[in-house]
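Residues per chain are reported as follows:
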Amino acid sequence: MTFNDLNINTPLRNALEDLKLVEPTPVQIEALPVVMSGKDVVGIAQTGTGKTFAYLLPILRQLKFSKQKHPRVLIVVPTRELVVQVVGEIEKLTTYMSIRTKGAYGGVNMNTQKDELADGMDILVATPGRLVDLALSRAVKLKTIKQLVIDEVDEMLNLGFRKQLNDILDLLPERRQNILFSATLTKEVDALIKAAFDNPTKIEIAASGTSADGIIQKMYLVPNFKTKINLLRHLLATEKSWTKVLIFAPTKKVTDALFEILDLDFPEQIGVIHSNKSQNYRLRTVEKFDNGAHRVLMATDLIARGLDFQDVSHVINFDTPDEAENYIHRVGRTARANAEGMAITFVNEIELTQELAYLKAIETLMGQALERLSFPESVEISEELIDDEILTYKQKNASPNIDLTDQSQGAYHEKKLKNTKVNRAQEKRFARKAEKFNSKRRGKK
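Just so you know, these numbers come straight off a predicted model, no measurement behind them.

Right, let's talk about the pattern of salt bridges for a bit. By the definition in use, this model includes 15 salt bridges. For Asp122, the salt bridge goes to Arg72, with nearest N and O atoms at 2.6 Å. Highlighted residues: Asp122 in the loop between α5 (110–117) and β4 (123–126) and Arg72 in the loop between α3 (51–62) and β2 (73–76), separated in sequence by 50 residues. Taken individually, Asp122 and Arg72 each receive the classification buried, so the pair is uniform in this respect.

On to the pairing of strand β5 (residues 147–151), then. With respect to burial, β5 is a largely interior element, five of its five residues being buried. Both faces of β5 are covered, namely the face carrying Gln147, Val149 and Asp151 and the face carrying Leu148 and Ile150. Summarising the sheet, β2 and β5 pair through four bridges and their orientation is parallel. Bridge assignment links Ile75 to a residue of β5, and that residue is Val149. Where β5 lies against strand β6 (residues 177–182), five bridges are found, and the strand directions are parallel. Within β6, the position partnered with Val149 by the bridge is Ile179.

As summarised here, the arrangement of the seven strands in space is β3-β4-β2-β5-β6-β1-β7, forming an open sheet in which the pairing is parallel. Since the sheet does not close on itself, it has two edges, and those belong to β3 (101–104) and β7 (201–204), each with one partner. Taking the axes of each pair of neighbouring strands and ignoring which way they run, one obtains an average angle of 15 degrees across the sheet.

What follows is about the sheet that holds strand β12 (residues 314–317). Pairing between sheet strands relies on hydrogen bonds along the backbone, with the strands arranged either parallel or antiparallel. Across the sheet, seven strands lie side by side as β10-β11-β9-β12-β13-β8-β14; this open sheet has parallel pairing. Two strands lie at the open edges of the sheet, namely β10 (270–273) and β14 (371–372), each paired on one side alone. In this structure, strand β9 (residues 245–248) lies alongside β12, joined through four bridges in parallel fashion. Note that in β12 the partner of Phe248 across the bridge is Asn317. Its contacts with the sheet place helix α10 (residues 225–238) against β8 (215–222), β9, β11 (296–299), β12 and β13 (341–348), and it is angled at close to 155 degrees to β13.

Bringing unusual backbone geometry into the picture now. With a phi angle near 45 degrees, Asn199 is a residue other than glycine that sits in the positive phi range. Here Asn199 lies in the loop between α9 (187–196) and β7. Residue Glu268 is not a glycine yet carries a positive backbone phi of 65 degrees. Turning to its location among the elements, Glu268 is positioned in the loop between α11 (252–262) and β10. A residue is classified by how much of its surface remains accessible, and Glu268, at 66% relative accessible area, is exposed.

As a further point, take the packing of aromatic side chains. Using the criterion set out here, one finds five aromatic pairs in the structure. Aromatic side chains Tyr55 and Phe181 sit 6.0 Å apart centroid to centroid with 35 degrees between the ring planes, which places their arrangement in the tilted category. Of the two residues, Tyr55 sits in helix α3 while Phe181 sits in strand β6, which places them 126 residues apart along the sequence. Of the two residues, Tyr55 and Phe181, both sit in the buried class. Consider the rings of Phe225 and Phe318, whose centres lie 5.4 Å apart with planes at 80 degrees: the pair is edge-to-face. Of this pair, Phe225 sits in helix α10 while Phe318 sits in the loop between β12 and α13 (324–331), and the two are 93 residues apart along the sequence. For the pair formed by Phe225 and Phe318, the shared burial category is buried. The side chain of Lys244 reaches across the aromatic face of Phe289, ending 5.4 Å from its centre.

With that settled, the discussion passes to the packing of α10 against α11. Geometry of a packed helix pair, given as the angle between the helix axes and the separation of the axes. For the pair α10 and α11, the least separation of the axes is 11 Å and the interaxial angle reads 50 degrees. As the angle between them shows, α10 and α11 are arranged oblique. Like other packed secondary-structure pairs, α10 and α11 cross with a definite hand, here right-handed. Of the residues in α11, those in contact with Phe225, Ile229, Leu232, Arg233 and Leu236 of α10 are Val254, Leu258, Ile261 and Leu262. The residue makeup of the contact of α10 with α11, split by class, is eight nonpolar, no polar and one charged.

A few words on the packing of helix α8 (residues 162–171) against α9. Interhelical geometry of α8 versus α9 gives an angle of 15 degrees and a closest axis separation of 12 Å. When the interaxial angle is binned, α8 and α9 end up roughly parallel. In this structure, α8 crosses over α9, and the sense of that crossing is right-handed. In contact with Arg162, Leu165, Asn166 and Leu169 of α8, α9 contributes Glu188, Leu192 and Ala196. Residue composition of the contact of α8 with α9, grouped by class: four nonpolar, one polar and two charged.

In terms of nonpolar packing, the biggest core is built from 39 residues, with Tyr55, Ile75, Ile123 and Val125 touching the most fellow members. Counting residues per element, this core draws most heavily on α3, at seven residues. Beyond its immediate stretch of four places on either side in the chain, Val125 contacts Ile75, Val77, Val83, Val86, Val87, Ile90, Thr101, Lys102, Gly103 and Ala104. Counting residues in hydrophobic clusters, the runner-up holds 33 residues, among them Ala126, Leu131, Leu142 and Leu165.

On β10, burial covers both faces: Ile270 and Val272 on one face and Gly271 and Ile273 on the other are all buried. By the bridge criterion, four bridges tie β10 to β11 in an arrangement that is parallel. Of the residues in β11, the one forming a bridge with Val272 is Met298. Handedness of the crossover is the feature at issue here: the chain leaves β10, passes through helix α12 (residues 279–290), returns alongside β11, and the resulting connection is right-handed.

Owing to its 3.6 residues per turn, the α-helix brings residues three or four apart onto one side. Within α8 the residues assigned to the buried category are Leu165, Ile168 and Leu169. The arc that holds every buried residue of α8, seen down its axis, measures 100 degrees, which confines them to one face. Summarising the geometry of α8, the exposed residues directed more than 90 degrees from the buried face are Lys163 and Asp170. Summarising the contacts, the buried residues of α8 are in contact with β2, α6 (128–136), β5, α7 (153–158) and α9.

How each quantity is defined
- Residues numbered from 1 in each chain as written.
- Predicted model: local features only at pLDDT ≥ 70, side-chain atom pairs only at ≥ 80, totals over all residues.
- Heavy atoms only, no water.
- Salt bridge = Lys/Arg side-chain N within 4 Å of Asp/Glu carboxyl O.
- Helix = DSSP H or I, 4+ residues; strand = E, 2+ residues; numbered from the N terminus.
- Buried < 20%, exposed > 50% of the residue type's maximum accessible area, 1.4 Å probe, protein only.
- Pairing = 2+ DSSP bridges.
- Axes fitted to C-alpha atoms, helices over the stretch in contact; angles between N-to-C directions.
- Contact = heavy atoms within 4.5 Å.
- Phe/Tyr/Trp six-rings, centres within 6.5 Å; stacked < 30°, edge-to-face > 60°.
- Lys NZ or Arg CZ within 6 Å of the ring centre and 35° of its normal.
- Parallel < 35°, antiparallel > 145°, perpendicular 65-115°, else oblique.
- Left-handed = near helix turned anticlockwise from the far one by under 90°.
- Nonpolar A, V, L, I, M, F, W, Y, C, P; charged D, E, K, R; others polar.
- Core = buried A, V, L, I, M, F, W, Y, C linked by side-chain atoms within 4.5 Å.
- Right-handed = clockwise from strand over helix to strand, strands pointing away.
- Arc of directions from axis to C-beta.

This is how it looks when you write it as structure tokens:
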């Protein structure tokens, strides 16, 4: 089947031809008639299978020219980068259409965005927090919305946007079409669907938590943090097929530390992105990685959702994600659009770090095991531990039968014998005071 076989109009076909897109993906084929029917829709499909076009094509197919000031279509996404990407995708599809699209996100001057929105729009793409601010300041009215799309809703909930989502739903008209697409369907997301959607049609191309077929998934067991760095340095230096590498780290602090260490060995080859970076810096960094100016991009889970990088050869999980769904989204940055790619996860062997347990949860969710790779002999295994690992080792090696009060010289030391004696004089004083108090009460009666 080709896009010419679908119920789309000539302007969209021309735009798809310009993009050299010929064959629709399964989720696009399934979604088009359901979305166009006006029913509420919940779509579940693997990351990288074209979910964005799955809701954009039917929406744009039905969107007529209008001079209306306030938006008719609202698309809510979790991050600023995803706002920019979705707006860009809409602009590509509407090359031959008169459709006005605006994006709104935090981290930039809101008054500037108000001025831009004042020109009017048909489609608004926004992050939850900035959208609520704009709506409350009356810069944008949401009562004109006919279609609501919530993209990567589980990530919004993870980022703490539950209140903002509820506020947005309260501001929208009751009669509207609700559309949701995601690679995973958590209990919290399911609860939101039951509360806000009206008997939605479910499109499930693959079971929730299924990764794309083209992803080769492997793992290394690594003893500690320092050895993980040695292994990563070795792989980046020796593996020539690692042409475009996306590395996920657990925190902003770790991301910055990895960048400072590896930038010495690979100068001008690495970019870093997380929420502490300015918006302009983040957009430039994403662009450099996407166009190949940077070979490596280090990031937190900020960009694990939705962003569509072209031709990512490898995804490296420097840590094992503590949420199995996050693993699915991370590795989904490679093997997109029927391509092939590889995902490698570094699993810390220390049991109390919980990474072995996280690995088991990931394998259970996917219904498959990650292939274990032999640790390279040429990589130095470091004996140096970071502070968190030192604490973990102390906890692991401590005997569970040791009574800390017997050895501690601090707050838990036993009282000296002289301090265990009972103060009889003090007891007598308390007894006299109590008797005096009770006699007064008896007199009042």
